[in-house]
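Reading the structure
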Amino acid sequence: DWSSDVCSSDLFPSHDREGEEDCIKREIKEELNITINLITRLSPAHYDYPTFSIAYTKGINRVFGSDVDFDKWNFDIQDDKNFKLLGLLKYKLSVGGFLNNKVVFLQDLKHFNSNVVRARSNYVNGFQLMNSYINSNAAKLYYEAHLEHHLNGLITNKIPYFKKLNWNLVGGCNTYFIKNNDRYEEVFVGLENIFKLLRLDFVTSFQNGKYQTASLS
């Protein structure tokens, strides 16, 4: 089991947003963490190969009063595949977890990029409807996947009005999996290149296989 002396293991029910923020501030202020981060990125010169990233973080205990004690790792594969007339496929696949989670405080948990911190220009790096911190964890193993397909006029160019607008369809999904009772999925379809600047998605989310919510994003 992982530890958080200030914040409970329930990790902030969604209705208690103020309590969540107060807890975060208290824990970051009260705990001293000494960590070492090692990140390696391999980008092959040949564009037909994906980019690989490996990250390892060590929380060092009893050094200058540090309270933490954990080992966290992550491995990513990311790529864009151009199918020419059939569009562009973007994906990012991740696996990671904690080799040791003896003492892990809130700021060192695995945090999934949410609608708050995700850069809108790079949708394969996060989730569109997930709330921050609600699904943060110190699990031994997790899986994460993001996939989107840009149709680039494959369908809309056959519709006269849409062809003039030059708006294109995009669709995809985001998911993470820890175990059968701890998983999350999003499915989305949208229009991009709206006025050459905007993108609008209709997103539906599921928690543990059950419908959660749907929204424009």
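1. Quick notes on the nonpolar core
Membership of the largest hydrophobic core is limited to 11 residues, which are F112, F127, L129, M130, A139, Y142, Y176, I178, Y184, F188 and V203. Among the elements of the structure, β6 (168-179) and β7 (182-194) are those that each provide at least two residues to this core. With near-sequence residues (within four places) excluded, Y176 lies in contact with F112, F127, M130, N135, Y143, E144, D182, R183, Y184 and Q207. If you look at the next biggest cluster of nonpolar residues, it comprises eight residues, including V68, F70, F98 and L109.

2. Examining the packing of aromatic side chains
Inspection of every chain in the model, using the stated rule, returns 11 aromatic pairs. Centre to centre, the rings of F112 and F127 are 6.0 Å apart; their planes meet at 90 degrees, and the pair counts as edge-to-face. Taken together, the residues span a long stretch of sequence, with F112 in the loop between β4 (88-103) and β5 (142-150) and F127 in the loop between β4 and β5 at a distance of 15 residues. Of the two residues examined, F112 and F127, each falls in the buried class. Between F206 and Y211, the ring centres sit 6.2 Å apart and the planes meet at 75 degrees, which makes this aromatic pair edge-to-face. Judged by its relative accessible area of 27%, F206 is partly exposed.

3. Description of the side chain of S114
Here S114 lies in the loop between β4 and β5. Residue class for S114 comes out buried when judged on its relative accessible area of 1%. For S114, the residues in contact, after removing those within four places along its chain, are F127, M130, N131 and S132.

4. Thoughts on a nonpolar patch on the surface
A surface patch of nonpolar side chains, amounting to about 380 Å² of accessible area, comprises V189, L200, F202 and L216. When you line up the elements, V189 lands in strand β7.

5. Description of the pairing of β4
The side chains of a regular strand alternate, first on one face of the sheet and then on the other. Of the pairings in the sheet, the one linking strand β3 (residues 69-82) to β4 comprises 14 bridges and is antiparallel in character. Looking at β4, one finds that Q78 is bridged to K92. With antiparallel pairing between neighbouring strands as the criterion, β3 and β4 make up a hairpin whose turn holds five residues, including K84 at a positive phi of roughly 60 degrees. In this structure, β4 lies alongside β5, joined through nine bridges in antiparallel fashion. Bridge assignment links L89 to a residue of β5, and that residue is H149.

How each quantity is defined
Residues numbered from 1 in each chain as written. Predicted model: local features only at pLDDT ≥ 70, side-chain atom pairs only at ≥ 80, totals over all residues. Heavy atoms only, no water. Core = buried A, V, L, I, M, F, W, Y, C linked by side-chain atoms within 4.5 Å. Buried < 20%, exposed > 50% of the residue type's maximum accessible area, 1.4 Å probe, protein only. Helix = DSSP H or I, 4+ residues; strand = E, 2+ residues; numbered from the N terminus. Contact = heavy atoms within 4.5 Å. Phe/Tyr/Trp six-rings, centres within 6.5 Å; stacked < 30°, edge-to-face > 60°. Patch = residues over 30% accessible without salt bridge, like charges linked within 9 Å, V, L, I, M, F, W, Y side chains within 5 Å. Areas by Shrake-Rupley, 256 points an atom, 1.4 Å probe, with all protein chains shown as cover. Salt bridge = Lys/Arg side-chain N within 4 Å of Asp/Glu carboxyl O. Pairing = 2+ DSSP bridges.

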